[in-house]
Amino acid sequence: MRPFLRATVITLLLLMFFFQDSVGENKAEEPESLQSLFIQRDISAEIKFLRDLITQQGLMLVGLQRANTGRTKVAFSAGIGPPQRILGPFNVETNLIYSKVLTNIGEAYNSHTGVFTAPVRGVYYIRFTGSEYGNTSNNIGVNLYKNGQNLLHLGENGSDGLAKHISSGVTLELEAGDVVYTRLPANYVLWGGSDFRTTFSGFLIFPM
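Residues numbered from 1 in each chain as written. Predicted model: local features only at pLDDT ≥ 70, side-chain atom pairs only at ≥ 80, totals over all residues. Heavy atoms only, no water.

Peer 1: I tried to follow the overall build of the protein chain on my own but got confused; where do I start?
Peer 2: Broken down by element type, the protein chain carries 1 helix and 13 strands. Restricting to contacts in the protein chain with at least 6 residues of sequence separation, those with at least 24 account for 75%. By element, 59% of the accessible surface of the protein chain is carried by carbon and sulfur atoms, the whole surface being about 13,100 Å². (Helix = DSSP H or I, 4+ residues; strand = E, 2+ residues; numbered from the N terminus. Contact = heavy atoms within 4.5 Å. Areas by Shrake-Rupley, 256 points an atom, 1.4 Å probe, with all protein chains shown as cover.)

Peer 1: How do you make sense of a nonpolar patch on the surface when you look at a structure like this?
Peer 2: Where nonpolar side chains cluster on the molecular surface, the patch consists of Phe 203, Ile 205, Phe 206 and Met 208 and spans about 370 Å² of accessible area. With respect to the helices and strands, Ile 205 occurs in strand 13 (residues 199-207). Take Ile 205: its relative accessible area is 40%, and that puts it in the partly exposed class. (Patch = residues over 30% accessible without salt bridge, like charges linked within 9 Å, V, L, I, M, F, W, Y side chains within 5 Å. Salt bridge = Lys/Arg side-chain N within 4 Å of Asp/Glu carboxyl O. Buried < 20%, exposed > 50% of the residue type's maximum accessible area, 1.4 Å probe, protein only.)

Peer 1: Honestly, the environment of Tyr 188 in this entry has me stumped. Any pointers?
Peer 2: For Tyr 188, the position within the fold is in strand 12 (residues 188-191). Given a relative accessible area of 15%, Tyr 188 falls into the buried group. Remark: the alpha-carbon pair of Tyr 188 and Ile 140, spanning 48 residues in sequence, is separated by 5.1 Å. In this view, Tyr 188 contacts Leu 87, Gly 88, Pro 89, Phe 90, Asn 139, Ile 140, Gly 141, His 153 and Asn 157; residues no more than four positions away in its chain are not counted.

Peer 1: Looking at this structure, how should I read the pairing of strand 12?
Peer 2: Walk down a regular strand and you will see the side chains alternate between the two sheet faces. Residue alternation in strand 12 divides its side chains into two sets, Tyr 188 and Leu 190 and Val 189 and Trp 191, and both sets are buried. Both strand 8 (residues 139-146) and strand 12 contribute to a ladder of 2 bridges, which runs parallel. Note on strand 12: the bridge partner recorded for Ile 140 is Val 189. (Pairing = 2+ DSSP bridges.)

Peer 1: Please explain unusual backbone geometry as it appears in this structure.
Peer 2: Glycine aside, negative phi is the norm for most residues, and most peptide bonds take the trans geometry. Positive phi is not limited to glycine here, since Asn 147 has a value of about 50 degrees. Structurally, Asn 147 can be placed in the loop between strand 8 and strand 9 (149-156).

Peer 1: Looking at this structure, how should I read the nonpolar core?
Peer 2: The nonpolar side chains of soluble globular proteins are, as a tendency, buried together. Leu 96, Phe 116, Tyr 124, Ile 126, Val 180 and Phe 200 are the most contacted members of the largest nonpolar core, which totals 28 residues. Breaking this core down by element, the ones donating at least two residues are strand 1 (75-79), strand 7 (122-133), strand 8, strand 10 (163-174), strand 11 (179-184), strand 12 and strand 13. Top contributing element to this core by residue count: strand 10, with 4 residues. (Core = buried A, V, L, I, M, F, W, Y, C linked by side-chain atoms within 4.5 Å.)

Peer 1: Mind showing me how you'd approach the packing of aromatic side chains here?
Peer 2: With the rule as written, the count across this model stands at 8 aromatic pairs. With 5.1 Å between their ring centres and 75 degrees between their planes, Phe 76 and Phe 200 make a pair best called edge-to-face. Taken together, the positions of Phe 76 in strand 1 and Phe 200 in strand 13 put the pair 124 residues apart, joining distant regions of the chain. Both residues of the pair, Phe 76 and Phe 200, count as buried. Taken together, the aromatic side chains of Phe 76, Tyr 98, Tyr 109, Phe 116, Tyr 124 and Phe 200 make up a single cluster linked through ring pairs. When the ring centre of Tyr 145 is taken as origin, the NZ or CZ atom of Arg 183, which lies over that ring, is 5.7 Å away. (Phe/Tyr/Trp six-rings, centres within 6.5 Å; stacked < 30°, edge-to-face > 60°. Lys NZ or Arg CZ within 6 Å of the ring centre and 35° of its normal.)

Peer 1: Explanation requested: the pattern of salt bridges in the structure shown.
Peer 2: Opposite charge on two side chains permits them to pair, given that their charged atoms come into close proximity. Evaluated as defined, the whole model comprises 3 salt bridges. Residue Arg 183 is joined to Glu 93 by a salt bridge in which the shortest nitrogen-to-oxygen separation is 3.3 Å. With Arg 183 in strand 11 and Glu 93 in the loop between strand 2 (86-87) and strand 3 (94-95), the pair connects residues that are 90 residues apart, well separated along the chain. Judged by its relative accessible area of 21%, Arg 183 falls in the partly exposed class. In this structure Glu 93 comes out as partly exposed when scored by relative accessible area, which is 25%. A salt bridge links Arg 121 to Glu 173; its shortest N-O distance comes to 3.5 Å.

Peer 1: Explain the confidence of the model for the protein chain here, please?
Peer 2: Low pLDDT marks stretches whose predicted atomic positions should not be read closely. Mean pLDDT over the protein chain: 78, with 69% of residues reaching 70 or higher. At the low end of the mean pLDDT range in the protein chain sits helix 1 (residues 3-68), at 60; at the high end sits strand 5 (residues 109-110), at 98. Across residues 11-30, confidence stays below pLDDT 50; counting only partners more than four residues off in sequence or on other chains, it has 0 contacts. (pLDDT = per-residue confidence, 0-100.)

Right, dumping it as C-alpha cells:
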C-alpha cells in the first residue's frame, strides 16, 4: 500500500474510532439528560397542581363565606341547675324550664318559659338529656312537644343503681313560629345539679 493511501486509511480509522467514542458518550449521557428533563417537568407539574388546588380551595372558602353572610344563625343549649336540684315528683305533667343558658345564638330560646321558637322555616336538630341522682325509687323521663303535640317520650323506670341517665335527639322540619319544649311526666323526677346533667339544646341545620 502506498504511503499516501496508508496514511489516509489510518486517518479514517482514527476518525471512526473517535466518532464511535463520541457517539457512545452521547448515548451514555442521553438517559441522564432525559431523566433530568422529566424530573423538572414532574416538579413543575406538581407545583402547578398545588397552586391550582390552593386557588380552588380559596375560591370555595370565599363562596362559603358569601353564602353564609346574612343567613339566619340559630343555636342554643341550656340546663337545669341550682337552686333547682330535684324536680318532682308532681301529680301533673309540668313544663321544664332550663334557666342556665350556655348558648343562645339568635335568641330563639326563652329561658323564662323553656320554649324554643323557630325563627325561620328549616330543618332543626333538637336534643335533650335527663338525669336523676340519689333518689332511685322514682322514674325519670322527659316528654318532647311541638306546638302542643307530644312527639316522643323517653324515660327509665325503677331503681337500678345510684344514678340514671337518659338522652335523645331528633331532626324536625319546623315552620317559622313553631315552638318546641319539654315537659316532666307526672310522678317522674329529674336532677338539676350544677353539672348540667339535664339539658335542652338545638340548632338550625339549614333553612328551607
